[in-house]
Amino acid sequence: MGRLDNRFKEVIDVYNSIDDERNYRERGLENTSSNHGWYKCIKCGQSYRKGDMDIDHIVPRSLGGSSSRENLQCICKHCNRSKRDSTVDTNADLQKRKRELRKQDKEDIKYLKSVFKNK
């Protein structure tokens, strides 16, 4: 990775490290891919509109989970109510979320490079 890529990564890391309890729903939705306003539930695989989705804390807040983007996942309201504060799938969900975020960070760096290249 070049020096410019490292700078872009630093900017993205700083932005993503913000842990704001008040905006966790917005943070979860902005860090989740949507298909023209449709979001896919990571549990049941069904697609729903934004209003029918919840943002789930993978490690429940009741067990010390934060509102960082690594701990938030988009899940339908039914699946979220069913999950409650269960930790059965926590490790698998955290690994899947980390993969999604790495992919998103690569796309963000690619976008930033294209913006600065065209200036």
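Residues numbered from 1 in each chain as written. Predicted model: local features only at pLDDT ≥ 70, side-chain atom pairs only at ≥ 80, totals over all residues. Heavy atoms only, no water.

1. Things to note about the overall build of the chain
Note the following rule: Where helices and strands are cited, they refer to DSSP runs of H or I of at least four residues and of E of at least two residues respectively, numbered from the N terminus. Exposed residues in this analysis have more than 50% of their type's maximum accessible area, buried residues have under 20%, and partly exposed residues fall in between, with area computed by a 1.4 Å probe over protein chains only. The contact rule is simple, with two residues in contact once any of their heavy atoms fall within 4.5 Å. To be clear on the numbers: accessible area is Shrake-Rupley with a 1.4 Å probe, and residue cover counts the displayed protein chains and nothing else.
Along the chain, the regular secondary structure elements total four helices and four strands. When its helices and strands are written in sequence order, the chain yields α-α-β-β-β-β-α-α. Counting over 119 residues, the chain shows a buried share of 34%. Intrachain contacts of the chain at a sequence separation of at least 6 include 61% that bridge at least 24 residues. About 8,200 Å² of surface is accessible on the chain, with carbon and sulfur atoms providing 49% of the total.

2. Comments concerning the side chain of glutamine 73
The following threshold applies: Distance and chemistry together define a polar contact, namely a pair of N or O atoms within 3.5 Å, with one atom able to donate a hydrogen and the other to accept it when in protein, and with adjacent residues in sequence counting only for side-chain atoms on both sides.
Within the element layout of this structure, glutamine 73 appears in strand β4 (residues 72-76). At a separation of 2.7 Å, a polar atom in the side chain of glutamine 73 contacts the side chain of aspartate 56. A distance of 3.4 Å separates a polar atom in the side chain of glutamine 73 from a polar atom in the side chain of aspartate 93. When neighbours within four sequence positions are excluded, glutamine 73 is seen to be in contact with Ile42, Lys43, Asp54, Ile55, Asp56, Ile58 and Asp93.

3. Concerning the environment of asparagine 71
Within the secondary structure, asparagine 71 sits in the loop between β3 (53-57) and β4. For the pair asparagine 71 and histidine 57, spaced 14 residues apart in sequence, the C-alpha separation works out to 5.5 Å. In contact with asparagine 71, other than residues within four places in its own chain, are Asp56, His57, Ile58, Val59, Gly65, Ser66 and Leu94. Within the local environment of asparagine 71, its side chain forms a polar contact with the backbone nitrogen of valine 59, the two atoms lying 2.7 Å apart.

4. Structural notes on the layout of surface pockets
Spelled out, the test is: The pocket and cavity definitions rest on a 1 Å grid over protein atoms only: a 1.4 Å probe that fits but cannot leave marks a cavity, an open set with protein on both sides within 12 Å along at least five of seven lines marks a pocket, and residues lining either have an atom within 4 Å of a point. Grid points are joined across faces, edges and corners, and a volume is the space filled by probe spheres set on the points.
Approximately 480 Å³ is the volume attributed to the largest pocket. For the lining of the largest pocket, the secondary-structure elements that each account for two or more residues are β1 (38-40), β4 and α4 (90-117). At eight residues, α4 tops the list of elements feeding residues into the lining of the largest pocket. In this structure, the second largest pocket occupies an estimated 180 Å³ of space. Every residue along the wall of the second largest pocket is listed here: Tyr24, Ile55, Asp56, His57, Pro60, Arg61, Asn80, Lys83, Arg84 and Asp85. Among the elements of the structure, β3 and α3 (77-83) are those that each provide at least two residues to the lining of the second largest pocket. At three residues, the largest contribution of residues to the lining of the second largest pocket is made by β3.

5. What to know about the packing of aromatic side chains
What characterises a pair of aromatic rings is the spacing of the ring centres plus the angle enclosed by the ring planes. For clarity, the threshold we go by: Stacked, edge-to-face and tilted labels apply to pairs of Phe, Tyr and Trp rings (six-membered ring for Trp) whose centres lie within 6.5 Å, assigned for plane angles under 30 degrees, over 60, and everything in between, in that order. Ring-over charges, as used throughout, are those where CZ of Arg or NZ of Lys falls within 6 Å of the ring centre and within 35 degrees of the ring normal.
This structure, assessed with the given rule, holds zero aromatic pairs. Its end group placed over the ring of tyrosine 24, arginine 61 keeps NZ or CZ at 4.8 Å from the ring centre.

6. Comments concerning the nonpolar core
Here is the rule we go by: Residues grouped as a nonpolar core are buried Ala, Val, Leu, Ile, Met, Phe, Trp, Tyr and Cys residues, joined through side-chain atoms within 4.5 Å.
Counting residues in each nonpolar core, the largest one holds ten residues, listed as Leu29, Tyr39, Cys41, Met53, Ile55, Leu72, Cys74, Ile75, Cys76 and Cys79. Ranked by residue count, the leading element in this core is β4, at four residues.

7. What to know about the pairing of β3
Convention followed: A pair of strands is labelled paired if DSSP reports no fewer than 2 bridges between them.
Buried residues dominate β3, accounting for five of its five residues. Neither face of β3 is left uncovered, since the one carrying Met53, Ile55 and His57 and the one carrying Asp54 and Asp56 both have all their residues buried. Strand direction decides the pairing type here: β3 and β4, joined by five bridges, are antiparallel. From the neighbouring strand, methionine 53 faces β4, where its bridge partner is cysteine 76.

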